[in-house]
Amino acid sequence: MKKTLVSALTTALVVGAASTTFAAANPFSDVPADHWAYDAVSQLAADGVIEGYGDTTFRGNQNITRYEMAQMIAKAMAKSDVSAADKALIDKLAAEFSDELNNLGVRVSNLERNADMVKWTGEARYTYTSKRDEDTNGKKTKDNADKLQFRLYPTAEVNNNWHVNARLTANTDLSSDKGDDGNVKLTYVYADGQYGNFNVKLGKMPLYSVADDGLVLDDFFSGAQVNFGKDLKATLEAGRWNLEDANDNIKDAAKNDDAANYQGIELNYGPNKLRLGASYRHFNSAAFTVADKYNDGTSKSDDANIWSVGAGYKFDRNWDLFGAFAQNTEADNYDTAHNIQLSYKGAETANKGTWGAYAAYRYLGENVALMPTYFTFQTNTKGWEVGADYVPFKNVYTAIEYFDGKDLATDRDANTLFGRVSYFF
């Protein structure tokens, strides 16, 4: 077998004529024909990782230079769609010829590798939302929205520990065929550093509480976050949150101070079927002094101090029960929120035919549920919600949800029908 692949070895060079010229004067010794590397490269050639002449034959019992070997290893390292066994062979070869790769092949290797350092995924999402409320005269009103959204998710590798994550978003209102003036929005971008059980994020990143499962917030903030731990995980974060993304009551009050200073801490524990969480979040903005029904008038606090707790239990692979409670200790009205949800199975976008369903009761005071994760959310409401999701084809996700409740201030009906279809790529 060792005598069948010299041509494959010598012609699979990443750089053609340039490598041949350099190899003639290269200072490295030859690799003997009985070196173990020949067997490794032979296997890679047989697996199609390294390609040579059509006949894939040696032309005599020839040695190969270490430079030529390094060039082929560099080419193999640039390929990502290889088996675990071939990857192990490539790693072993790279360790053996590391000096040659560093001194000669690193330029070519990095050019090949950089193509794989930035990865793109995306989603095309259609959503339909119909909010059906009761006005002061008891008449039913309807507000429908047809939205088409396109998302791109670039992920860039900086080194073994650091990555950069981002999302680009474009929206179109199908009812008016109008987008965001042709603009593509940078929804978030942050650097993500991972060192064992310690993680740090810097930039604009998700603002979401695992402890209460999004009861208080599901948005993005600009700042820094660190989290650490294994079974018991702690998260510390601080920065600024744009109140334009808050619920209608807080957003309408944020005309003179549209971003709040923010600090938060969260603890989560859940190595087994039981999971527990607690979080505390502090916001400071002049908007809270003028928000409707935030204070009774005796004091004008510009703070929101929100704590939340959550607990869940997974009975088996299908059934899951979760509940959470949150309170804003600075608000005088509508200062609590709670949620309990029972879920069965769940759709998996990569697996055709998978599905799930849930039923939940939600109470969402507007001064604590600042921007919860629920698609059917209406400001300051309570009521029941049911939903289901299904994957009819691989990477095609569908969902339907319905909320039937009341406005907390008026006790009038508040209903929302929501549907979604997503195509992932």
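Notes on the structure follow.

What counts and how
- Residues numbered from 1 in each chain as written.
- Predicted model: local features only at pLDDT ≥ 70, side-chain atom pairs only at ≥ 80, totals over all residues.
- Heavy atoms only, no water.
- Pairing = 2+ DSSP bridges.
- Helix = DSSP H or I, 4+ residues; strand = E, 2+ residues; numbered from the N terminus.
- Core = buried A, V, L, I, M, F, W, Y, C linked by side-chain atoms within 4.5 Å.
- Buried < 20%, exposed > 50% of the residue type's maximum accessible area, 1.4 Å probe, protein only.
- Contact = heavy atoms within 4.5 Å.
- Expected span 1.5 Å × (residues − 1).
- Arc of directions from axis to C-beta.
- Polar contact = N/O pair within 3.5 Å; in protein donor to acceptor, adjacent residues only side chain to side chain.

## Structural notes on the pairing of strand 10 (residues 232–242)
In terms of strand pairing, strand 9 (residues 218–228) meets strand 10 through seven bridges, oriented antiparallel. Among the inter-strand pairings, N227 is bridged to a residue of strand 10, identified as T235. Linking two consecutive strands that pair antiparallel, namely strand 9 and strand 10, is a turn of three residues; a positive phi of about 115° is found at G229 within it. Examined bridge by bridge, strand 10 and strand 11 (residues 259–269) share 11 bridges and lie antiparallel to one another. Paired with T235 across the strands is E266, a residue of strand 11.

## A look at the nonpolar core
In this structure, L215, L217, W241, L243, I250, F283 and L370 are the most contacted members of the largest nonpolar core, which totals 36 residues. When residues of this core are traced back to their parent elements, those giving at least two are strand 7 (185–195), strand 8 (198–208), strand 9, strand 11, helix 8 (287–290), strand 13 (303–314) and strand 14 (319–328). For this core, the element with the highest residue contribution is strand 14, accounting for three residues. Sequence-distant contacts of L243, that is, excluding residues within four places in its chain, are made with I250, K251, A254, D257, D258, A259, A260, S285 and A287. Counting residues in hydrophobic clusters, the runner-up holds 17 residues, among them A40, M72, I73 and L101.

## Describing the environment of L417
As for its placement among the helices and strands, L417 is situated in strand 19 (residues 413–424). On a C-alpha basis, the gap between L417 and I400 in space is 7.7 Å, while along the polypeptide they are 17 residues apart. When residues no more than four places from it in sequence are discounted, the contact partners of L417 are Y128, T129, S130, R132, I400, E401 and Y402.

## Considering the environment of L202
Looking at the element boundaries, L202 is found in strand 8. Those residues in contact with L202, other than ones at most four positions away along the chain, are W162, V189, Y190, A191, G223 and A224.

## With respect to helix 5 (residues 84–96)
Given a rise of 1.5 Å per residue, 13 residues ought to cover 18 Å, and the 19 Å separating the end C-alpha atoms of helix 5 matches this to within 8%. Among the residues making up helix 5, those that are buried are D86, I90, L93 and A94. Projected down its long axis, helix 5 shows its buried positions confined to an angular sector of 100°, all on one face. Seen from the buried face of helix 5, the exposed residues on the opposite side, beyond 90 degrees, are A84, A85 and A95. The opening residue of helix 5, the one whose side-chain oxygen lies 3.2 Å from the backbone nitrogen of D86, is S83.

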